[in-house]
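A structural walkthrough
In case you want the letters, here they are:
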Amino acid sequence: MQLKWDGHTHTQYCYHGSSERQEMYIDRAIDLGFERYTLSEHSPLPVGLFKDTNLFKRLAMPIEELPLYFQYAKKMKLLYASKLDITVGLELDYLPAHLSFTERIVNDWHADLQDIIYSVHYLPGVEGIHCIDYTAESFREDILAFYGSMENVVNEYYDHVEAAITWVAQLPIRKRIGHINLIEKFASELPSIDEKQVRTRLEGIIPLLIKSNVGLDVNTAGLRVKSCGKPYVLEWFLAECMKQGIACVYGSDSHKPEHVGTGWDWFVKHI
Ligand SMILES: [Zn+2]
Ligand SMILES: [Zn+2]
């Protein structure tokens, strides 16, 4: 039997999510019959990463708050210990120019870290790095314009995903690559992506996941996004990863309490 586990969720320490109390999320998870629940808040970002300081503040908590987040997460873990196995984690960003920053966070907190989601949210673009999942407009103007074609963007994205898997592999903590098809978030609003290209790139990633012992965040948040309409993991890819024994963990990527458990039905149907 598959453990009923939501392996990717956010908290009040996310400033583009909800400030709702944690109990709202967790009580819902318990009502839905979840047995394990991972708190995987966005980890702080290096100061000066963006020119846009307002956006910077919304993307992740400031580094000074990280001790408070761990305190909060551990408190929840204890509080609910008899009802639900809460694991304490972080969603870390693959930032090739700032690997030592990430390394420092992992070193400082490794005793408390049970799960790591390692995600590619950023790519180099026009005048610096940009979020691939912010808005379709920003994707077009700041990223697509920089690379010239979707084909080039997709290749750059999967180059980052591969490098991310290789880097995170060395950490002695349970880890998963975050929402591997996030590049398709704005699919219906952007020039089309060649499915064959995506397939080829993903096929190349399977041996890397096996070798690296990095799991898959089966992230269903894309189902909630109109311009995407599907999970951020393709069905055939999930099936192949399962066949190869790669750890495939469902993730709602909840940014508000009502997100908890969404897409679980899709997940169980496809594993
Ligand atoms: Zn988020
Ligand atoms: Zn993410």
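These numbers come from a predicted model, not from an experiment.

Topic: the overall build of the chain
Along the backbone of the chain there are nine helices and nine strands. In terms of C-alpha radius of gyration, the chain reaches 18 Å, essentially the compact-globule figure of 18 Å for 271 residues. With the C-alpha coordinates aligned to their principal axes, the bounding extent of the chain is approximately 55 × 40 × 35 Å. Counting the 271 residues in the chain, one finds 55% classified as buried. Residue pairs at least 24 apart in sequence account for 76% of intrachain contacts in the chain once pairs closer than 6 positions are excluded. Element-wise, carbon and sulfur atoms account for 52% of the exposed surface of the chain, whose accessible area totals about 12,000 Å². Of note, the chain has its 27 positive side-chain charges centred 4 Å away from the centre of its 37 negative side-chain charges.

Overview of the sheet that holds strand E4 (residues 115-119)
Through backbone hydrogen bonds, the strands of a sheet pair up, either in parallel or in antiparallel fashion. The seven strands lie next to each other as E1-E2-E3-E4-E7-E8-E9, forming an open sheet whose pairing is parallel. Both edges of this open sheet fall to strand E1 (5-9) and strand E9 (248-251), since each of them pairs with a single strand only. Between one strand axis and the next, the sheet turns by 30 degrees as a mean value, whatever way the strands run. Direction of pairing for E1 relative to strand E2 (residues 36-42): parallel, over a ladder of three bridges. Across the sheet, the residue bridging to aspartate 6 is tyrosine 37, located in E2. Relative to the sheet, helix H3 (residues 66-79) contacts E2 and strand E3 (85-93), its axis offset from that of E3 by approximately 155 degrees.

Observations concerning the coordination of the zinc ion (ligand 2)
Within the protein, Glu91 (OE), His121 (NE2) and His179 (NE2) serve as the donor atoms for the zinc ion (ligand 2), at 2.1 to 2.2 Å. Positions of the donor residues of the zinc ion (ligand 2), expressed as sequence spacing, correspond to E-x29-H-x57-H. The metal-metal distance between the zinc ion (ligand 2) and the zinc ion (ligand 1) is 5.4 Å. On the criterion of sequence distance, the pair formed by glutamate 91 in strand E3 and histidine 179 in the loop between strand E7 (174-177) and helix H7 (195-212) is long-range, its members being 88 residues apart. Of the two residues, glutamate 91 and histidine 179, neither departs from the other in class, the shared state being buried.

Some thoughts on the nonpolar core
Residues Tyr158, Ile180, Leu216 and Phe237 are the most contacted members of the largest nonpolar core, which totals 79 residues. By residue number, the principal contributor to this core is helix H6 (residues 150-168), which donates 10 residues. In this structure, isoleucine 180 is in contact with Tyr157, Tyr158, Val161, Leu202, Ile205, Leu216, Tyr232, Val233 and Phe237, ignoring residues within four places of it in sequence.

Focus: helix H5 (residues 136-147)
Compared with an ideal rise of 1.5 Å per residue, which puts 12 residues at 16 Å, H5 spans 15 Å between its outermost C-alpha atoms and is within 8% of the ideal. Inspection of H5 places Ala136, Ser138, Phe139, Asp142, Ile143, Leu144 and Tyr147 among the buried residues, and these make up the whole buried set. Looking down the long axis of H5, one finds its buried residues gathered within 165 degrees of arc, a one-sided arrangement. Across from the buried face of H5, at angles greater than 90 degrees, the exposed residues are Glu141 and Ala145. On its buried face, H5 is in contact with strand E5 (122-125), strand E6 (128-131) and H6. Glycine 148 lies just past H5 and shows a positive phi near 90 degrees.

Re the state of the cysteines
Tallied over the full model, the rule gives zero disulfides. The thiol of cysteine 241 is unpaired, and the distance to the nearest cysteine sulfur, on cysteine 248, comes to 5.1 Å. According to the relative accessible area criterion, cysteine 241 is buried, its value standing at 0%.

Here's the deal with the coordination of the zinc ion (ligand 1)
Protein coordination at the zinc ion (ligand 1): the donors are His16 (NE2), His42 (NE2) and His255 (NE2), at 1.9 to 2.0 Å from the metal. Taken in sequence order, the residues that donate to the zinc ion (ligand 1) follow the motif H-x25-H-x212-H.

Remarks on the packing of aromatic side chains
Per the stated rule, a full pass over the model turns up 16 aromatic pairs. Considering the side-chain rings of tyrosine 13 and tyrosine 69, the 6.0 Å spacing of their centres and the 70 degrees angle between planes classify their relative orientation as edge-to-face. Here tyrosine 13, found in the loop between E1 and helix H1 (22-31), pairs with tyrosine 69, found in helix H3; they are 56 residues apart in sequence, far enough to count as distant. The residues tyrosine 13 and tyrosine 69 share a single accessibility class, namely buried.

Some remarks on the pattern of salt bridges
For the coordinates displayed, the defined rule picks out 11 salt bridges. Of the charged contacts in the structure, one is a salt bridge between glutamate 162 and arginine 201, with a shortest N-O distance of 3.4 Å. Of this pair, glutamate 162 sits in helix H6 while arginine 201 is found in helix H7, placing the two residues 39 residues apart along the sequence. Linked through salt bridges whose partners overlap, the residues forming this network are Asp115, Arg174 and Arg176.

Conventions we followed
- Residues numbered from 1 in each chain as written.
- Chains lettered and ligands numbered in written order.
- Predicted model: local features only at pLDDT ≥ 70, side-chain atom pairs only at ≥ 80, totals over all residues.
- Heavy atoms only, no water.
- Helix = DSSP H or I, 4+ residues; strand = E, 2+ residues; numbered from the N terminus.
- Rg over C-alpha atoms; globule rule 2.2 N^0.38 Å.
- Buried < 20%, exposed > 50% of the residue type's maximum accessible area, 1.4 Å probe, protein only.
- Contact = heavy atoms within 4.5 Å.
- Areas by Shrake-Rupley, 256 points an atom, 1.4 Å probe, with all protein chains shown as cover.
- Lys, Arg positive; Asp, Glu negative; His and termini not counted.
- Charge placed at Lys NZ, Arg CZ, Asp CG, Glu CD.
- Pairing = 2+ DSSP bridges.
- Axes fitted to C-alpha atoms, helices over the stretch in contact; angles between N-to-C directions.
- Donors = N, O, S within 2.8 Å, 3.2 Å for Na, K, Ca; no water.
- Core = buried A, V, L, I, M, F, W, Y, C linked by side-chain atoms within 4.5 Å.
- Expected span 1.5 Å × (residues − 1).
- Arc of directions from axis to C-beta.
- Disulfide = S-S within 2.5 Å.
- Phe/Tyr/Trp six-rings, centres within 6.5 Å; stacked < 30°, edge-to-face > 60°.
- Salt bridge = Lys/Arg side-chain N within 4 Å of Asp/Glu carboxyl O.

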